[in-house]
Amino acid sequence: MSALWSVGAGLLLLLLWVRHRGLEAVLVHHRWVFVCLFLLPLSILFDIYYQLRAWAVWRLHSAPRQHAQRVRHIQEQVREWKKEGSKRYMCTGRPGWLTVSLRVGKYKKTHKNIMINLMDVLEVDSERQVVRVEPLVSMGQLTAYLNPMGWTIPVVPELDDLTVGGLIMGTGIESSSHIYGLFQHTCVAYELVLADGSLVRCSPTENSDLFYAVPWSCGTLGFLVAAEIKMIPAKKYVKIHYKPVRGLQKICEKFTEESKKKENSFVEGLMYSLDEAVIMTGVLTDEAEQSKINRIGNYYKPWFFKHVEKYLKADRTGVEYIPSRHYYHRHTRSIFWELQDIIPFGNNPVFRYLFGWMVPPKISLLKLTQGEAIRKLYEQHHVVQDMLVPMKSLEKSIQTFHVDLNVYPIWLCPFILPNNPGMVHPKGNETELYVDIGAYGEPKSKQFEARASMRQMEKFVRSVHGFQMLYADCYMTREEFWDMFDGSLYHKLREQMNCKDAFPEVYDKICKAARH
């Protein structure tokens, strides 16, 4: 009883404090209170629901049987839209706050919402080494499903909640991308419902133009209803080497050198300042030295980027064996390093041991509850950007990031970019090595101003024939956007498939200049 009185008194004091400070002030300046008391428990309930649902589908084996029926329902909705006169654009009915992108699409309120309830693994074909999935299958769900069978996918983008559909219609990358390319390059086929309600399968040999045009199109060519993704044999551990490097030129040279080595299963860099970084390389293995196993994904473990920083501060190299699934989702618990701005004490050992099992809060719930004041604050004083630039421009790019943003840590992830048709390909006729430079956090540059600074960054990225990931805020004009991306195949298909009356152009869907 005394414990209940204590809890009640504590809640009463909290409510009085919130009333005194004002709810908006608390949500903006003390957001951790709301996140810890409400969003973390809600996030756990979300996870429990989806895990129970996935287990039920697996036990009943209902997904393949119901898939065709669900796709027919989508086709019926599209045909109904046509009967109504095709007066509005169509989009998926999934609420904008549920996506991992920080953007909340206002178009959801004005477009015809097509309900797409497709979130199951459909088939594992061990002979072809292909897994067929629905678009709302998440990375956490897929690796949990495949790993016990001895399989994984070649590119497992960070964060558990990233979905297959988002990674195809947008893009995805991981530290294995220097071998396999972007997420789209590991896909062998897509199935889409088009603007006329027809169901089409496309691959490199079947409707190939559509296959190459779908990635980066953000759902403006049709509704993705299934995808086939390559699988590779899974191994128990990733043997990871940590190497601190100092001096920008040396960092770029070492990172480039390791990225070109195909014997490295994984390559990643974390920059903690302009001239300090830790370069990590990893190989898949089934054997491990027991004394060097680090189960970094356990809730009480230090956040991965903080763990890596210890090697830099101690100025020493190191070797560890990380269980494969822990490695694939190593940045999930801290949302890379974004969680330190939301829960400043989140990496404290006491917090980790007592409450770490509830971390991280769902990004979707953070978006849903952020409010206009926090949204504007983040927009003006916070950046979440991934710029993809040729590896040969790495040093110049990091210097530009430092001057315009001055955000650290910076994530470096190499990837091979084949010269395939579509919106994103190298300038020349050959495959080229690129690097994703990820900046997430509060800019320390004194001259930072969100719109002007990001337009300057976008201009630089265009000048080196780079690309901006489309989940982030984009300030380019329409002409600048199509200077960065190759729209020739995309526009040709939009014309051929009568998409112009059915779906907005990708620019109008994602760019700020078009949305405001």
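Because the structure is predicted, anything quoted here is derived from the model rather than measured.

Caption draft 1: Quick look at the UniProt feature "transmembrane region" (unreviewed entry) in the chain. UniProt marks residues 32–50 with the feature "transmembrane region" (unreviewed entry), using the numbering shown here. Secondary structure over residues 32–50 splits into 100% helix and 0% strand, and the C-alpha atoms at its two ends are 25 Å apart.

Caption draft 2: Structural view of the pattern of salt bridges. Scanning all chains against the criterion turns up 28 salt bridges. When salt bridges with common partners are traced through the structure, they connect D125, R128, R201, E206 and E228 into a single cluster.

Caption draft 3: Local environment of the packing of helix α9 (residues 248–259) against helix α16 (residues 394–404). Between α9 and α16, the least distance of the axes is 9 Å, while the angle of their chain directions is 130°. As the angle between them shows, α9 and α16 are arranged oblique. Handedness of the α9/α16 crossing: right-handed. Here L248, Q249, C252 and F255 of α9 come into contact with α16, specifically with L394, E395, I398 and Q399.

Caption draft 4: Quick look at the sheet that holds strand β13 (residues 318–323). With antiparallel pairing, the 8 strands of this open sheet are ordered in space as β13-β10-β12-β11-β15-β16-β14-β17. Strands with a single pairing partner mark the edges of an open sheet, and in this sheet they are β13 and β17 (467–468). Where helix α17 (residues 450–463) meets the sheet, it contacts β14 (383–390) and β17, and its direction lies at approximately 15° from that of β14.

Caption draft 5: The packing of aromatic side chains, seen in detail. Applying the stated criterion across every chain, the model contains 26 aromatic pairs. Ring geometry for Y190 and F211: centres 4.9 Å apart, planes at 20°, overall stacked. In this pair, Y190 sits in strand β6 (residues 187–193) while F211 sits in helix α8 (residues 208–213), placing the two residues 21 residues apart along the sequence. Exposure class is identical for Y190 and F211. Each is buried. Through successive ring pairs, a cluster of aromatic residues spans W216, F415, Y434, F467, F481, W482, F485, Y490 and Y507. When the ring centre of Y327 is taken as reference, the NZ or CZ atom of R330 above it lies at 4.1 Å.

Caption draft 6: Spatial organisation of the sheet that holds strand β4 (residues 130–133). Ordered in space as β3-β4-β8-β6-β7, the 5 strands form an open sheet in which the pairing is antiparallel. Since the sheet does not close on itself, it has two edges, and those belong to β3 (121–125) and β7 (199–202), each with one partner. For this sheet, the mean angle separating the axes of adjacent strands, direction not counted, is 15°. Direction of pairing for β3 relative to β4: antiparallel, over a ladder of 4 bridges. Looking at the pairing, V124 lines up with V131 of β4. Contacting β3 and β4, helix α5 (residues 139–146) runs over the sheet at an angle of about 40° to β3.

Caption draft 7: Broad picture of the state of the cysteines. According to the stated counting rule, one finds 0 disulfides in the structure shown. You can see C187 has no disulfide; the closest cysteine sulfur is in C202, sitting 10 Å from it.

Caption draft 8: Region of the structure containing the side chain of Q184. Residue position: Q184 is located in the loop between α7 (177–180) and β6. On the basis of relative accessibility, which here comes to 10%, the residue Q184 falls in the buried class. Here Q184 is in contact with G170, T171, Y190, P215 and W216, once residues within four sequence places are set aside.

Caption draft 9: Examining the packing of α16 against α17 more closely. The N-to-C vectors of α16 and α17 enclose an angle of 170°; their axes lie 10 Å apart at closest approach. Taken together, the axes of α16 and α17 are roughly antiparallel relative to one another. Contacts between α16 and α17 involve K396, S397, T400, F401 and D404 from the former and S453, Q456, M457 and F460 from the latter. By residue class, the composition of the contact of α16 with α17 is 3 nonpolar, 4 polar and 2 charged.

Caption draft 10: Representation of the pairing of β4 in the model. The turn joining β3 and β4, which pair antiparallel and follow one another in sequence, is formed by 4 residues; a positive phi near 60° is taken by Q129. As judged from the 4 bridges shared by β4 and strand β8 (residues 223–230), these two strands associate in the antiparallel manner. When the sheet's bridge partners are listed, V130 is paired in β8 with K230.

Caption draft 11: Molecular detail of a nonpolar patch on the surface. The grouping of L42, L45, I48 and L52 at the surface amounts to a nonpolar patch, some 370 Å² of accessible area in total. Secondary-structure assignment places L42 in helix α3 (residues 31–60).

Caption draft 12: Representation of the nonpolar core. Counting residues in each nonpolar core, the largest one holds 146 residues, and the members touching the most others are Y190, L210, F481 and F485. By residue number, the principal contributor to this core is strand β15 (residues 410–417), which donates 7 residues. Those residues within four positions of Y190 in sequence are excluded, and the remaining contacts are I168, Q184, V200, R201, C202, F211, V214, P215, L224, A226 and A227.

Caption draft 13: Structural context of α17. Taking 1.5 Å as the rise per residue, α17 with 14 residues should run 20 Å; its terminal C-alpha atoms sit 20 Å apart, in good agreement. All buried positions along α17 are accounted for by A450, S453, M454, M457, E458, F460, V461 and R462. The inward-facing, buried residues of α17 contact α15 (371–381), β14, α16, β17 and α18 (478–484). After α17 finishes, the residue H465 shows a positive phi value of roughly 60°.

Caption draft 14: Quick peek at the environment of T281. Looking at where T281 falls in the secondary structure, it is placed in strand β12 (residues 276–285). If near-sequence neighbours (up to four positions away) are discounted, T281 is found in contact with K239, I240, H241, E258, N264, F266 and V267.

Caption draft 15: Spotlight on unusual backbone geometry. A cis amide bond links V359 to the next residue, P360, at an omega of 5°. The omega torsion of the bond from Y408 to P409 falls at 0°, within 30 degrees of zero and hence cis. Checked against the element boundaries, P409 lands in the loop between α16 and β15. Not every positive phi belongs to a glycine, and Q129 is a case in point at roughly 60°. Looking at the element boundaries, Q129 is found in the loop between β3 and β4. Exposure remark for Q129: the relative accessible area of 34% places this residue in the partly exposed category. At C218, a position not held by glycine, the phi torsion is positive, near 55°. Residue position: C218 is located in the loop between α8 and β8.

Conventions and cut-offs
Residues numbered from 1 in each chain as written. Predicted model: local features only at pLDDT ≥ 70, side-chain atom pairs only at ≥ 80, totals over all residues. Heavy atoms only, no water. UniProt positions renumbered as here; feature names shortened; annotations may be inferred. Helix = DSSP H or I, 4+ residues; strand = E, 2+ residues; numbered from the N terminus. Salt bridge = Lys/Arg side-chain N within 4 Å of Asp/Glu carboxyl O. Axes fitted to C-alpha atoms, helices over the stretch in contact; angles between N-to-C directions. Parallel < 35°, antiparallel > 145°, perpendicular 65-115°, else oblique. Left-handed = near helix turned anticlockwise from the far one by under 90°. Contact = heavy atoms within 4.5 Å. Pairing = 2+ DSSP bridges. Phe/Tyr/Trp six-rings, centres within 6.5 Å; stacked < 30°, edge-to-face > 60°. Buried < 20%, exposed > 50% of the residue type's maximum accessible area, 1.4 Å probe, protein only. Lys NZ or Arg CZ within 6 Å of the ring centre and 35° of its normal. Disulfide = S-S within 2.5 Å. Nonpolar A, V, L, I, M, F, W, Y, C, P; charged D, E, K, R; others polar. Patch = residues over 30% accessible without salt bridge, like charges linked within 9 Å, V, L, I, M, F, W, Y side chains within 5 Å. Areas by Shrake-Rupley, 256 points an atom, 1.4 Å probe, with all protein chains shown as cover. Core = buried A, V, L, I, M, F, W, Y, C linked by side-chain atoms within 4.5 Å. Expected span 1.5 Å × (residues − 1).

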